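Survey of secondary and tertiary structure
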Amino acid sequence: MLRAAGVGVGDEVVVPAFGNVEVAEAVTQVGALPVFADIDPMTYCLDVSTIEQALTSRTVAVVVVHRFGRSADMGRLHEMGRRHGLLVLEQGESEAPYDETARRRERAAYLDTKLRGVRTPDGGDGHTYQQYVVRVPGNGRPDRDAYARAIRARGVDCRVPVKTPVHRLPEFRRCVSLPETERAAEETLALPVDASLTRREMQRIVSVCNALGGPIMVGSTALFGV
């Protein structure tokens, strides 16, 4: 899409740093420079105000990535694109059949009402829950990683959705302030929400997570009430 739109050498393209290294790689493959903007902490998609802060006279396009089943605010993004004369491209996620999405939403709703000690995702309109991403409170990455190890040890699968933001990778390293991206990379954890999960399995997930009680702060050290 970038090449077809005439994006090339000397151009800048605003992209997210919260995952999706392939987007930054696509920009470099056409000879342009990826410029990173911060995300909205609720949707994990590019935040319009931070995009505008990243614009220069060489900016020609923005690539918006929809994350975890939650869509970016395309109305505001397209309006911004028209205002600044920018091409706004989207990278979507693979769409699941309607019945599978409905089952995921049911399981997400169950977790929303039952989980304690973590911050559950903001559902928003049309969330399809490709991933059920929570925030683990405490001291960022150390507490999140300890929480993940603890629930894995008790048989609950989980994954860190973005281990290293793109602007921290050696090939794309930039000196840029992206506080929401950094915070999300340190706090987020994806819990199971597969459409095939049984009620008993969902109850098991809740039981294991809630038994930890979230991080208990002791001075500057976070311990888990296991």
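Residues numbered from 1 in each chain as written. Predicted model: local features only at pLDDT ≥ 70, side-chain atom pairs only at ≥ 80, totals over all residues. Heavy atoms only, no water.

**Description of the overall build of the protein**
Each helix and strand in the protein was counted, giving seven helices and eight strands. Taking 2.2 N^0.38 as the reference for a compact globule, 226 residues should give roughly 17 Å; the C-alpha atoms of the protein span a radius of gyration of 19 Å, in line with that estimate. In terms of principal-axis extent, the alpha carbons of the protein reach across some 55 × 45 × 25 Å. Burial status across the protein gives 50% buried among its 226 residues. Once local pairs closer than 6 in sequence are excluded, the contacts in the protein between residues at least 24 apart make up 66%. Carbon and sulfur atoms provide 49% of the accessible area of the protein, an area that totals close to 11000 Å². (Helix = DSSP H or I, 4+ residues; strand = E, 2+ residues; numbered from the N terminus. Rg over C-alpha atoms; globule rule 2.2 N^0.38 Å. Buried < 20%, exposed > 50% of the residue type's maximum accessible area, 1.4 Å probe, protein only. Contact = heavy atoms within 4.5 Å. Areas by Shrake-Rupley, 256 points an atom, 1.4 Å probe, with all protein chains shown as cover.)

**So, the sheet that holds strand β3 (residues 59–65)**
Pairing in this open sheet of four strands is parallel, and the strands run β2-β1-β3-β4 from one edge to the other. Of all the strands in the sheet, the pair left with one neighbour each is β2 (33–37) and β4 (87–91). Strand-to-strand twist in this sheet, taken as the mean axis angle between neighbours without regard to direction, amounts to 30°. As paired strands, β3 and β4 are joined by five bridges and run parallel to one another. Its bridge partner being in β4, valine 65 is matched across the sheet by glutamine 91. Here helix α3 (residues 74–84) sits on the sheet in contact with β3 and β4, set at roughly 150° to β4. (Pairing = 2+ DSSP bridges. Axes fitted to C-alpha atoms, helices over the stretch in contact; angles between N-to-C directions.)

**Points about the layout of surface pockets**
Computed from the structure, the largest pocket encloses a volume of approximately 230 Å³. Surrounding the largest pocket, 13 residues form its lining, Ser71, Glu93, Glu95, Thr128 and Gln130 being those nearest its centre. Its residues assigned to classes, the lining of the largest pocket comprises one nonpolar, nine polar and three charged. (1 Å grid on protein atoms, 1.4 Å probe; cavity = no way out; pocket = protein on both sides within 12 Å on 5 of 7 lines; lining within 4 Å. Points joined across faces, edges and corners; volume = space filled by probe spheres on them. Nonpolar A, V, L, I, M, F, W, Y, C, P; charged D, E, K, R; others polar.)

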